[in-house]
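Now for the letters of each chain:
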Amino acid sequence: FSGDGFSSREMTSSNFTLTRVTGAQSGGNLLFSSEDVLFSAIGNRVAYFDLRRNASNAVAFEARKDVDRLALTSDGVLLVAIDVDGRLMAVNVPRRVVLHRLNLKARCLDAAFSHDDGVLAVTHERLPQLLVGAGGRRGGGGVWEGEGRGGGGQNGRGGGETGGPPAPRLL
């Protein structure tokens, strides 16, 4: 840097970290979608930054506590946000609507979708938990399909005679 006119003082004063630019100071992760959109957890909300249009906005939901982990499908349609208490929210990104809420009952260490976006792997405490999605299956009425922890409904399936949404299937 000696010949280009920059002093070391100017370089250190203009050095910003990515977390300060996006506002993610709660320790959550950052996600990039295939459409050049950056997702960031800011407190109990999720903000997204369109890097092509140079625009930013917040998703229209709020978690009870600070959002800690984010996971995004490969097509960028389904966003999973998990707060510090382990409450999961599945969000349709284009419509900005919360599709499903689930309590994992423990702080989540990490979350990621499989390559075909059919399975969501969540790690909390010492065990991984796999949630099978209903996408691509016939008769899937919600985001998650299959058996829950307590069973319920007909033949151990979630929903059933209660008419509620199907519970996630644990593998």
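Residues numbered from 1 in each chain as written. Predicted model: local features only at pLDDT ≥ 70, side-chain atom pairs only at ≥ 80, totals over all residues. Heavy atoms only, no water.

Draft legend 1. Representation of the overall build of the protein. Along the backbone of the protein there are 2 helices and 12 strands. Start at the N end of the protein and walk to the C end: the helices and strands fall as α-α-β-β-β-β-β-β-β-β-β-β-β-β. Counting every position in the protein, which comprises 171 residues, the buried fraction comes to 37%. At a minimum sequence separation of 6, the contacts of the protein that also span at least 24 residues come to 28%. Accessible surface, the protein: about 10,500 Å² in total, of which carbon and sulfur atoms supply 49%. (Helix = DSSP H or I, 4+ residues; strand = E, 2+ residues; numbered from the N terminus. Buried < 20%, exposed > 50% of the residue type's maximum accessible area, 1.4 Å probe, protein only. Contact = heavy atoms within 4.5 Å. Areas by Shrake-Rupley, 256 points an atom, 1.4 Å probe, with all protein chains shown as cover.)

Draft legend 2. Structural context of the sheet that holds strand β6 (residues 78-83). Taken together, 4 strands build an open sheet; the order of strands is β5-β6-β7-β8 and the sheet is antiparallel. The two strands at the open ends of the sheet, each matched to only one other strand, are β5 (67-72) and β8 (97-103). Between one strand axis and the next, the sheet turns through 20° on average, direction left out of account. Summarising the sheet, β5 and β6 pair through 5 bridges and their orientation is antiparallel. Bridge pairing in β6 places A71 opposite V80. (Pairing = 2+ DSSP bridges. Axes fitted to C-alpha atoms, helices over the stretch in contact; angles between N-to-C directions.)

Draft legend 3. Spotlight on the sheet that holds strand β4 (residues 55-58). In space, the 4 strands of this open sheet follow the order β1-β2-β3-β4, with antiparallel pairing throughout. The open sheet has two edge strands, β1 (30-32) and β4, and neither has a second partner. Neighbour-to-neighbour, the strand axes of the sheet open up by a mean angle of 20°, direction not taken into account. As paired strands, strand β2 (residues 37-42) and strand β3 (residues 45-50) are joined by 6 bridges and run antiparallel to one another. Note that in β3 the partner of I42 across the bridge is R45.

Draft legend 4. Quick peek at the side chain of N29. Inspection of the secondary structure puts N29 in the loop between α2 (18-22) and β1. Look at N29 and you get buried, because its relative accessible area is 16%. From its side chain, N29 meets the backbone nitrogen of L70 in a polar contact 2.8 Å long. Apart from the residues within four sequence positions on either side, N29 is in contact with F39, S40, A41, D68, R69 and L70. (Polar contact = N/O pair within 3.5 Å; in protein donor to acceptor, adjacent residues only side chain to side chain.)

Draft legend 5. Molecular detail of the environment of L38. Relative to the assigned elements, L38 resides in strand β2. Judged by its relative accessible area of 4%, L38 is buried. Between the C-alpha atom of L38 and that of S56, which follows or precedes it by 18 residues, the distance is 9.2 Å.

Draft legend 6. A look at the pairing of strand β7 (residues 87-92). Burial runs high along β7: 5 of the 6 residues are buried. Here β6 pairs with β7 via 5 bridges, running antiparallel. The residue of β7 that forms the bridge with L79 is V91. Between β6 and β7, which pair antiparallel and follow one another directly, the connecting turn spans 3 residues, one of which, G86, has a positive phi of 90°. With 6 bridges connecting them, β7 and β8 associate as antiparallel partners. By the bridge assignment, M89 is partnered in β8 with R101. Hairpin connection between β7 and β8: a loop of 4 residues separates the two successive antiparallel strands, and R96 in this loop has a positive phi of roughly 55°.

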